[in-house]
Amino acid sequence: MRMVLSSKTSTLSTMIPSLYDGTTGKIRVTDTKESCQAAARPDVDPAYQNYCVQCQLDYMHHSTERTYVLPIEPVAAEKAERVTDDIETGVALNGVRLDGPAPREAILGAHTLAPFDDCGGHINLHVGYHYHAAMGCSANVASAAGHAPIIGFAMDGYKLHARVNIDGKEPTDLDQCRGHDVKGLGYHYHANEPGKNAILPCHTGQTGCSNIGNETDCDATKRPKRRPPPRG
Ligand SMILES: [Zn+2]
Ligand SMILES: [Zn+2]
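Residues numbered from 1 in each chain as written. Chains lettered and ligands numbered in written order. Predicted model: local features only at pLDDT ≥ 70, side-chain atom pairs only at ≥ 80, totals over all residues. Heavy atoms only, no water.

Participant: Can you explain the side chain of Asn 192? Please cite residues and give values.
Facilitator: Relative to the helices and strands, Asn 192 is located in the loop between strand E12 (186-190) and strand E13 (202-205). In terms of polar contacts, Asn 192 uses its side chain to reach the backbone carbonyl oxygen of Ala 198, at 3.0 Å. (Helix = DSSP H or I, 4+ residues; strand = E, 2+ residues; numbered from the N terminus. Polar contact = N/O pair within 3.5 Å; in protein donor to acceptor, adjacent residues only side chain to side chain.)

Here it is in structure tokens:
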């Protein structure tokens, strides 16, 4: 079957706002602090819809230092907690925040694209530089022979390993949160594929929290404690 779309396409392109200027062909990019601020947030300023969102680290007026309070001895939670776009996944060994999924609906609703660099990361002014995917850029620590190296810690304190083992294959016994219990290593996670928009889909343990700069909102002693499942 042959489809002729050319005439319709040209009509539509004049009607539908696009990410580029139809006259000059220049891509609309947020290239100032103000435009980055207005576009890199869930309720995108209507003036910055249809923009490629690019922010620079020096637009940040506050420190990007973040302190993580994570359980040293992770405790299983009563039920797994989904990682959403306002919950962080954890922290990489190089100190970069492992964020939750990019807010797909907000992005599609406002037609904004905040591209990732080759490390699966980008900058917004609320949390600074952060990853949405594990692309092998973080420092790593060798694990048991043949097993994927450790690349970070999840918010529930369990270790996060790279996606694939040394043989290039994913473990086959991962649970819904991409965790498994391995003799000698204990329970830990393996990062998701970059295209899944979730480094981890959920946490199986009781999660900690983090503070940025001088914030003191995160007090792990006040976090609601969820009962671990009965041991059987
Ligand atoms: Zn992001
Ligand atoms: Zn493993």
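Participant: Would you mind going over the sheet that holds strand E5 (residues 97-98) in detail, with residue names and values included?
Facilitator: One open sheet holds the eight strands; their spatial order is E7-E8-E5-E4-E9-E10-E12-E11, and the pairing between them is mixed. Looking along the sheet, the strands with just one partner apiece sit at the ends: strand E7 (121-124) and strand E11 (179-182). Pairing geometry for E5 and strand E8 (residues 128-131), over two bridges, is parallel. Across the sheet, Leu 98 pairs through a bridge with Tyr 131, a residue of E8. (Pairing = 2+ DSSP bridges.)

Participant: Would you mind going over the environment of Pro 17 in detail, with residue names and values included?
Facilitator: With respect to the secondary-structure elements, Pro 17 resides in the loop between helix H1 (6-15) and helix H2 (33-39). Along the backbone, Pro 17 and Gln 49 are 32 residues apart, and their C-alpha atoms lie at a distance of 8.8 Å.

Participant: Any details on the side chain of Arg 178? Residues and values, ideally.
Facilitator: Turning to its location among the elements, Arg 178 is positioned in the loop between strand E10 (159-161) and E11. Exposure remark for Arg 178: the relative accessible area of 10% places this residue in the buried category. Other than its neighbours up to four places away in sequence, Arg 178 contacts Arg 163, Glu 170, His 188, Tyr 189, His 190, Ala 191, Asn 192, Leu 200 and Pro 201. (Buried < 20%, exposed > 50% of the residue type's maximum accessible area, 1.4 Å probe, protein only. Contact = heavy atoms within 4.5 Å.)

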